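The lines below spell out each chain.
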Amino acid sequence: LEFRRVLFRSQQIRGRELATHSQSLEYMQSLGFRVIPDYRICSTADEVIERIKGVSYKENPYVKLGDLAYLRVRYYDFEHKVQSGELIVAKKLAEEVLDIFYELFEGGYEIEKIKLVDEYDADDERSMADNNSSAFNYRVVAGTNIISAHSYGRAIDINPLINPYIVGNKVMPDNATEYADRDKAFDHKIDRTDLCYCIFRRHGWKWGGDWNNSKDYQHFYKEYDSPLKMAVNKLKRALSRQRGRRR
């Protein structure tokens, strides 16, 4: 399990607009600041592994602890107070997820809470009912035998009580029925005009609200890319950082 920590800085530093968390860190370093964007914390690693083993992480043939990364991110809660949250995601998506939450934070986007699902004994229903936003949880898709994208750390649920999972007449979590009518106006609703939707989509993530046979309005997920697409995306990110340095 790899551990990364994000230290947020304003996207505008000395009049320079910076597109991503990574660009901000690089520019801070160019100004002479000592910035450590990712590092291992062995004692914390042991503690977190103990928290998740046998709970959100079960022994399985598909996902190893080494495939995952533990992140700490800042966010605004529903009282618009700055909080610190924790997520576990696929290691290959770690920097991208940090960029996403950096942009959410800079945009003032509110998320009620971000805790590991282990705080709820890896019970997805309990976590959703408490409106907890989370990522990794080795489990199957509700009502099926299909391994969820959350099992690979490639899915993130945002404000799930207000943005429920709907299949037919079934609304999950059970206490989310007042938010099932998406034609109504209410705070923290994710739709195609929402900042959260726009940021995730800009990074190439898909949204469960676009599904046809069911709707998962809380759910953003990143499919596996082909080797060619991964190379292209890596090049785009490198070019984006170079443009940020030139400004």
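Residues numbered from 1 in each chain as written. Predicted model: local features only at pLDDT ≥ 70, side-chain atom pairs only at ≥ 80, totals over all residues. Heavy atoms only, no water.

Take the packing of aromatic side chains next. Enumeration according to the criterion identifies eight aromatic pairs in this entry. For the pair Phe 200 and Phe 220, a centre-to-centre distance of 4.3 Å together with 10° between the ring planes defines the contact as stacked. Here the residue Phe 200 occupies a position in helix α5 (residues 195-202), and Phe 220 occupies one in strand β13 (residues 219-221), the gap between them amounting to 20 residues. In terms of burial, Phe 200 and Phe 220 fall into one category: buried. These aromatic residues form a ring-pair network of at least three members: Tyr 197, Trp 207 and Tyr 217. Stacked on the ring of Phe 186, the Lys or Arg Lys 189 has its end atom at 5.5 Å from the ring centre. (Phe/Tyr/Trp six-rings, centres within 6.5 Å; stacked < 30°, edge-to-face > 60°. Helix = DSSP H or I, 4+ residues; strand = E, 2+ residues; numbered from the N terminus. Buried < 20%, exposed > 50% of the residue type's maximum accessible area, 1.4 Å probe, protein only. Lys NZ or Arg CZ within 6 Å of the ring centre and 35° of its normal.)

The next subject is the sheet that holds β13. Backbone hydrogen bonds are what pair the strands of a sheet, in a parallel or an antiparallel way. Ordered in space as β8-β13-β11, the three strands form an open sheet in which the pairing is antiparallel. The open sheet has two edge strands, β8 (155-157) and β11 (206-207), and neither has a second partner. Sheet analysis places β11 next to β13, joined by two bridges and oriented antiparallel. Looking at the pairing, Lys 206 lines up with Tyr 221 of β13. (Pairing = 2+ DSSP bridges.)

What follows is about the pairing of strand β4 (residues 68-76). In terms of residue burial, β4 counts as a mostly covered element, since seven of its nine residues are buried. Of the pairings in the sheet, the one linking β4 to strand β5 (residues 82-90) comprises nine bridges and is antiparallel in character. Bridge pairing links Tyr 70 to Ile 88 in β5. In sequence, β4 turns back onto β5 through a hairpin of five residues, with His 80 there showing a positive phi of about 60°.

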